[in-house]
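Observations on the three-dimensional arrangement
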Amino acid sequence: MCVLRLTPDNLFFVLSEKVANGGVSMWCELSQANFFDEYQMEGVSPEDNEICLEVTPENLSRALKTVQSAKSVKVKLTKKHCPCLTIAAELPTLSSISRVVTHDVPVDVIPRRLWHEFIEPSVPDFDVSIYLPPLKTMKNVVDRMKNLSNFLVIEANLNGEMNLKIETDLVSVTTHFKDLGNPPWGDDSSQDGGPSQGRDPDSMAEARVDIRRLQQFLMGQQVNPSKAMCNIVHQRILHLILLHEDVSLQYFIPAVA
Amino acid sequence: MRCVVTGGNVKVLAKAVHSLSRIGDDLYVEPQEDGLALRSVNSSRSAYACFLFAPLFFSRYSIPSDHTFRCKMAIKSVQAVFRSLATLEKTVEKCHIELDEQKDRLTFTLHCKHGLLKTHNLSFQDSESLQAVFDKDSCANVFRAQSRLLVDTVVHFPSSLEEVTVSVSDERMWVRNHVEEEAEQSKVMLTELCLASDEFDHFAVKTHNSITFCLKELRGLLVFAESTGLPVSMYFDEPGSPVVLSVTDSVLEGNFVLATLSEDPSLHKNNSKGAHTLPPPPPDDFMNDDIDSYLIAMDTSIAPGPSTAGPSTPPLADPTCSKQSAVAAHRTRTHREEDEEAEEDETDDSDRPPNKKFRSLFFGLVLPPSSQISTQPVMSQEVLASDSEDETQAE
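All values reported here derive from a predicted model rather than from experimental measurement.

Concerning the packing of aromatic side chains
Throughout the structure, instances matching the rule amount to 16 aromatic pairs over all chains. One aromatic cluster is present, formed by B:Phe51, B:Phe53, B:Phe57, B:Phe58, B:Tyr61, B:Phe224 and B:Phe256 through successive ring pairs. The side chain of A:Arg5 reaches across the aromatic face of A:Phe12, ending 5.1 Å from its centre.

Rendered as structure tokens:
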């Protein structure tokens, strides 16, 4: 299940299995003006001008997939047999009357008292932050590594070097990336500047993650983002960030022992 | 019996076999005077398909003259003969089908390029005749459309979807997925597509009806129609009578007959005949909408939010359908025995998976004279080009 938050300016898709329990969490923010010609919403109240819905992502994805070739698409929150996100699309036809397809995706309205569970996660106190190699390359590597092992170690340093490593009884494989570059977080006050300032640039921070989680993240990326980076909290969390035009996506994968 | 299929028709025959395999596990073969009939039926007898290939489809067609022959065989074996359609097209020049009654075998010989011969000996079993009783001519609602339209409609529904409901008015056809149990309603995504009459080649509605049938079984026909480029015709009456979908050209006719859910008789009493509540056609001005009608009660747990309840779509022919078998008025008197058998079987249906509720007894196990069975090409016999290169089989 996935949570969709709607505010006057943005849409957020939130997945939050508790990271502490080993689940991934995801935060995706889209600027609505980038997608919609028309956008009207009224939240719970003027102070809390927001709508929070729980939806099954497969349904939503299927509905949107079938309307890819549509002339126009409308998304409405309606009440049918239960609250629904109704996706109505006008499909191109040869006749004068358009063909209209409607998908009613059932949703659960999340009451305001639970909204605190779906707020933007804060950037963790990371040890190393580094730009990712081209996602396609990374995906190819991870796909092949998945055949050999269930866990992968991702390590990086402040010198723009990253390694993807797997190790089993029979074989160990490492893929090295160089000259990736490190994002300049230095001025960011939330980082204290402390841990990364005094850090030896060659020292690697690593996180051992379930390879399927990483693969899921890489599989989902259809568009080459303008910026892709990851923050590693040594042996704790892998925090992946993608930025593309007006969409930002953050993905948290917990490290396993 | 000896039949020879040449050129592009081999592929058409292969496609028909694959199409029939979507219905049932057995292929019923019956060489008739008017052509070779290939049929299949599903285990619950709620779906039936028949392809009739006229003698002209073959470059040679001879059938046992002294007696009627019919048999059935595992359709998977026949599919194995025609396994790769691409290879068939490229390498197979002719296909001979011969009957060896002494050994109970049907031999398929593929004559391929470079003198290669592939011979498949398939054993068969004797079988009863399989004929569905249906009469396309008497159906109230008749449609014909290019297969593209139907394929584009079906793509909006997941391939796992069992049942769809088709509703028609004078100018529109709605197709939506059918959700049976009340319990699932709040979790299931509902999809509805509205087609205008001018998208069809032919659209004739006499009664405004809704019928519900299994989509899965139909996909086989759609694949066949799309690959051969033939338009698909659809015939139906009231809920409970079977829906017939067919493709026709000058040398072949394919009919898929599917049972439809019959209505709850108590519901039927309340509705005047044919006056089902149909959803309103989508507004002509798709882009403009009054938002107020779409606000829903938001969060009643804390502050009262905007709470104009939106419009609820009037439910169509409510799916509290009875378990009555979908028997049409098309059954002839000779099948009364089957009637009684069916009544007894009804009570078993309640525990079976939903498919079985479509028990339809439009089958006759005894073969009546062929005049009652509509395997004749029907209605306007337009000659539609098939994709075979070799239509004129000189013999």
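On we go.
Side note on the domain arrangement of chain B
All names here are of chain B. On domain assignment, one finds that chain B holds domain 1 (2-126) and domain 2 (141-181 + 189-261). On a C-alpha basis, the centroid separation for the pair domain 1 and domain 2 is 27 Å. Contact residues are listed per partner, giving 18 residues for domain 1 and 18 residues for domain 2. Carbon and sulfur atoms supply 62% of the area that domain 1 and domain 2 bury against each other, a total of about 1,500 Å² over both sides. When residues of domain 1 are sorted by the area they lose upon contact with domain 2, Lys-15, Arg-22 and Phe-51 head the list and together hold 32% of the total. Here domain 1 is connected to domain 2 by zero salt bridges. At the surface where domain 1 touches domain 2, the tally comes to eight residue pairs in polar contact (both at pLDDT 80 or more). Taken together, the elements giving at least two residues each to the side of domain 1 that touches domain 2 come down to helix H1 (8-21) and strand E4 (47-53). The dominant element in the side of domain 1 that touches domain 2, judged by the number of residues it contributes, is E4, at seven residues.

A look at the environment of A:Pro201
Residues and elements named next belong to chain A. Along the chain, Pro-201 falls in the loop between helix H3 (194-197) and strand E12 (205-210). Overall, the relative accessible area of 37% leaves Pro-201 in the partly exposed class. Remark: the alpha-carbon pair of Pro-201 and Asn-157, spanning 44 residues in sequence, is separated by 6.0 Å. Not counting residues within four places of it along the chain, the set of residues in contact with Pro-201 comprises Asn-157, Leu-158 and Asn-159.

Quick word on the sheet that holds strand E11 (residues 172-177) of chain A
Strand-to-strand pairing in sheets goes through backbone hydrogen bonds, with the strands running parallel or antiparallel. Residues and elements named next belong to chain A. Read from one edge to the other, the open sheet built from four strands follows the order E11-E10-E9-E12, with strand pairing classed as antiparallel. Two strands in the sheet have a free side with no partner beyond their single neighbour: E11 and E12. With direction set aside, neighbouring strand axes in the sheet form an average angle of 20 degrees. One ladder, built from four bridges, connects strand E9 (residues 151-156) with strand E10 (residues 162-167); its direction is antiparallel. In the strand pairing of E10, Ile-154 is matched with Leu-164. Of the strands in this sheet, E9, E10 and E12 touch helix H4 (residues 211-219), which is tilted by about 90 degrees from E12.

Re the pattern of salt bridges
Residue and element names in this part refer to chain A. Summed over the entire model, instances satisfying the criterion amount to 14 salt bridges over all chains. Here Asp-143 makes a salt bridge to Lys-139, at a shortest N to O gap of 2.9 Å. Here Lys-139 and Asp-143 lie together in helix H2 (residues 135-146), a separation of four residues that amounts to about one turn. Residue class for Lys-139 comes out partly exposed when judged on its relative accessible area of 27%.

Quick word on the pairing of strand E3 (residues 35-41) of chain B
Residue and element names in this part refer to chain B. Of all seven residues that make up E3, seven are buried, and the element is covered over most of its length. Pairing of strand E2 (residues 26-32) with E3, which is carried by five bridges, proceeds in the antiparallel orientation. Considered in E3, the bridge of Pro-31 is made with Leu-36. Linking E2 back to E3 in an antiparallel pair, the connection comprises two residues. Where E3 meets E4, six bridges bridge the pair, whose relative direction is antiparallel. In the strand pairing of E4, Leu-36 is matched with Phe-53. In this antiparallel pair of consecutive strands, E3 and E4, the connection spans five residues, and Arg-45 shows a positive phi of 60 degrees.

What counts, and where the lines are drawn
Residues numbered from 1 in each chain as written. Chains lettered and ligands numbered in written order. Predicted model: local features only at pLDDT ≥ 70, side-chain atom pairs only at ≥ 80, totals over all residues. Heavy atoms only, no water. Phe/Tyr/Trp six-rings, centres within 6.5 Å; stacked < 30°, edge-to-face > 60°. Lys NZ or Arg CZ within 6 Å of the ring centre and 35° of its normal. Domains from an automatic or database assignment. Contact = heavy atoms within 4.5 Å. Buried area = accessible area lost by both parts, 1.4 Å probe. Salt bridge = Lys/Arg side-chain N within 4 Å of Asp/Glu carboxyl O. Polar contact = N/O pair within 3.5 Å; in protein donor to acceptor, adjacent residues only side chain to side chain. Helix = DSSP H or I, 4+ residues; strand = E, 2+ residues; numbered from the N terminus. Buried < 20%, exposed > 50% of the residue type's maximum accessible area, 1.4 Å probe, protein only. Pairing = 2+ DSSP bridges. Axes fitted to C-alpha atoms, helices over the stretch in contact; angles between N-to-C directions.

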